[in-house]
Amino acid sequence: MQIAIPTDNENAIYHDNAYTAPKFSIYTIIIKNKTDISFSLQQIIYNPLSRLKCEDFDETQLKCSCDKEHASNLHHIYEHYSLLDLIAGCQYLLATRYCKNVIRSMKNGGILIYKIPPIIKNADNAIKNFLIGASFANTAQHIHHAS
């Protein structure tokens, strides 16, 4: 399985809106059995949208708080689909922050989004968090709300 993680220029986890990330690290995860799991960095892809805008996104785009008019603008929506083209072939996008347009474009492209906590700073921990979370979600059969 392949996953994409948005990263900054120093290869740390990028915590703003994923589509504004300078780069994406693409990892391959191989799960042979529950005790034999490995992952490796396959490639780093530079985000052409970030380069085109010279990393000059406005605060609303970075923090996923575009107003309704901007979020429904076709050009703005298509910018998000460029991310789908960029990470094509991945099954998951691991990200801290993403807007509704990112959710919609990823869903339409068959890529699932896994939210990573903002306290995670490096890709190794993000992948381990993902693997633990996915494993727990797949094995939990009954979850009851405490009331």
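Structure first, text after, so check above.
Because the structure is a prediction, the values reported are computed rather than measured.

A. Geometry of the pairing of strand β3 (residues 36-46). As defined by bridge partners, strand β2 (residues 23-33) adjoins β3 across 10 bridges and the pair is classed as antiparallel. When the sheet's bridge partners are listed, Thr28 is paired in β3 with Ser40. Remark: 2 residues form the turn of the hairpin made by β2 and β3, two consecutive strands paired antiparallel.

B. Structural view of the pattern of salt bridges. Scanning the model with the defined rule gives 1 salt bridge in all. Arg97 serves as the salt-bridge partner of Asp16, at 3.5 Å between the closest nitrogen and oxygen. In this pair, Asp16 sits in the loop between β1 (2-7) and β2 while Arg97 sits in the loop between β4 (92-95) and α5 (100-108), placing the two residues 81 residues apart along the sequence. Residue classification places Arg97 among the partly exposed residues on the basis of a relative accessible area of 29%.

C. Region of the structure containing the side chain of Ser105. In this structure, Ser105 sits in helix α5. Of the residues examined, Ser105 reaches a relative accessible area of 0% and is grouped as buried. For Ser105, the side chain forms a polar contact with the main-chain oxygen of Val102, separated by 3.1 Å. Not counting chain neighbours up to four residues away, the residues in contact with Ser105 comprise His80, Tyr81 and Leu84.

Rules behind the numbers
- Residues numbered from 1 in each chain as written.
- Predicted model: local features only at pLDDT ≥ 70, side-chain atom pairs only at ≥ 80, totals over all residues.
- Heavy atoms only, no water.
- Pairing = 2+ DSSP bridges.
- Helix = DSSP H or I, 4+ residues; strand = E, 2+ residues; numbered from the N terminus.
- Salt bridge = Lys/Arg side-chain N within 4 Å of Asp/Glu carboxyl O.
- Buried < 20%, exposed > 50% of the residue type's maximum accessible area, 1.4 Å probe, protein only.
- Polar contact = N/O pair within 3.5 Å; in protein donor to acceptor, adjacent residues only side chain to side chain.
- Contact = heavy atoms within 4.5 Å.

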